[in-house]
Amino acid sequence: MSARLRVAVIGLGVISRFYLAALHSSSGLRLAAVCDTDPRVLEGHRVPGYRDHVRLLEEERPDAVVVTVPNDLHARVCADALERRIPVCVEKPLALDAVQGRRLTDLAAGSGVPLFTAFHRRYNSAVGRLRAACAGARVEELTVRYLERIEEHAGDDSWYLDVRRCGGGCVADNGPNAYDLVDLLLGPAHVVSAHVDRDAAGADRQADVELRAGAARARILLDWSYPGERKDLEVRLADGRSLYADMLAGHSGFKNSLWHEYEGVLAAFERSVRYGTPDGEGGLPALRFVEDVYRLEKAGAGRGAA
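Residues numbered from 1 in each chain as written. Predicted model: local features only at pLDDT ≥ 70, side-chain atom pairs only at ≥ 80, totals over all residues. Heavy atoms only, no water.

Re the overall build of the protein chain
So, point 1. Within the protein chain, the regular secondary structure consists of 11 helices and 12 strands.
So, point 2. Whereas a compact globule of 306 residues would reach a radius of gyration of roughly 19 Å, the protein chain reaches 19 Å, a difference of no more than 12%.
So, point 3. Structurally, the protein chain occupies a C-alpha span of about 55 × 45 × 40 Å along its principal axes.
So, point 4. Sorting the 306 residues of the protein chain into buried and exposed places 56% on the buried side.
So, point 5. Considering only intrachain contacts with a sequence separation of at least 6, the fraction spanning at least 24 residues in the protein chain is 70%.
So, point 6. As presented, the protein chain carries roughly 13,200 Å² of accessible surface, and 48% of it is formed by carbon and sulfur atoms.
So, point 7. Taking the average place of the 40 positive charges on the side chains of the protein chain and the average place of its 44 negative ones, the gap between the two points comes to 3 Å. (Helix = DSSP H or I, 4+ residues; strand = E, 2+ residues; numbered from the N terminus. Rg over C-alpha atoms; globule rule 2.2 N^0.38 Å. Buried < 20%, exposed > 50% of the residue type's maximum accessible area, 1.4 Å probe, protein only. Contact = heavy atoms within 4.5 Å. Areas by Shrake-Rupley, 256 points an atom, 1.4 Å probe, with all protein chains shown as cover. Lys, Arg positive; Asp, Glu negative; His and termini not counted. Charge placed at Lys NZ, Arg CZ, Asp CG, Glu CD.)

Focus: the pattern of salt bridges
Two side chains that carry opposite charge are able to pair once their charged atoms sit near each other.
So, point 1. Scanning the model with the defined rule gives 29 salt bridges in all.
So, point 2. The shortest N-O distance in the salt bridge between Glu58 and Arg61 comes to 3.1 Å.
So, point 3. Residue class for Glu58 comes out partly exposed when judged on its relative accessible area of 38%.
So, point 4. Among the charged side chains, a salt-bridge network with shared partners connects Arg138, Glu140, Glu141, Arg217 and Arg236. (Salt bridge = Lys/Arg side-chain N within 4 Å of Asp/Glu carboxyl O.)

Quick notes on the packing of helix α1 (residues 16-25) against helix α10 (residues 257-275)
So, point 1. Running from N to C, α1 and α10 point in directions that differ by 65°, and their axes come no closer than 8 Å. Here the hand of the crossing between α1 and α10 comes out right-handed. Counting all contacts with α1, which are made through Arg17, Phe18, Tyr19, Ala21, Ala22, Leu23 and Ser25, the residues of α10 involved are Leu258, Trp259, Tyr262, Glu263, Val265 and Leu266.
So, point 2. Of the residues contributing to the contact of α1 with α10, the split by class is 10 nonpolar, one polar and two charged. (Axes fitted to C-alpha atoms, helices over the stretch in contact; angles between N-to-C directions. Left-handed = near helix turned anticlockwise from the far one by under 90°. Nonpolar A, V, L, I, M, F, W, Y, C, P; charged D, E, K, R; others polar.)

Concerning the sheet that holds strand β3 (residues 49-50)
So, point 1. Pairing in this open sheet of six strands is parallel, and the strands run β3-β2-β1-β4-β5-β6 from one edge to the other. Since the sheet does not close on itself, it has two edges, and those belong to β3 and β6 (115-118), each with one partner.
So, point 2. Where strand β1 (residues 5-10) lies against strand β2 (residues 29-35), six bridges are found, and the strand directions are parallel. Bridge assignment links Ile10 to a residue of β2, and that residue is Cys35.
So, point 3. Along the sheet face, helix α3 (residues 74-82) touches β1, β4 (64-67), β5 (88-91) and β6 and points at about 175° away from the line of β5.
So, point 4. With respect to the sheet, α10 is in contact with β1, β2, β4, β5 and β6, its orientation differing from that of β6 by roughly 170°. (Pairing = 2+ DSSP bridges.)

Here is the structure:
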């Protein structure tokens, strides 16, 4: 499988431009087709455009697909591709809940094709440097901040603010990326406390979550009402060192860090398709993290709970 892989992009919302740019610059992948229910966004692409993803899958038979539809459609679109033995790269979260996620992972295993969840922050250059600096050292504490104003980031994708379509708010949408960074640096972690603030529409706008990964402690801070944008990590090592990574540093301009991160996503996805190389444990642990936060919220287990 040395030729460039033919990749279809299903869903042309706010994130799709980063995938399209990464496909354009890739030496191993090429764009084969696009799909969206809005005919206006299909214009201008030099590949076939479809409004029905099943028709695309049947007529184009791509080597792989990238799924960037709203969160509530992930399970259906991914399943339709996996049933046709087409590898899938799906934007996080994998699905709306762990039950849907497990069905997809079982379907992928049964079909023998990769199901790859795109946690783009693990491919951030500052994260890579921090991870290298931590090599061989024991992490005692980790803090991940994921702060933004969602109305600025969502653009025309109003579904982000629909609790039913998004799966919640900042916990459901930004939480998986933040949890993946904890998993990347500490390994599997479990939630021990969670404080969540919601708006009048029921969307969670802020969250403060404590986790444990063995002897290490982690804290995830999420905010959808932050004036501006802050995405960073702080690490305290057992040898006394404190390390810091600003995921936005060196990438001036709104969302500019995402260009190189999605190049990393597609490079890792290509390796997964060609060689079966996994990158992380996929989307299920992140979905369990989201469910655990909401469960503790309902139980009233705020900060300091055991």
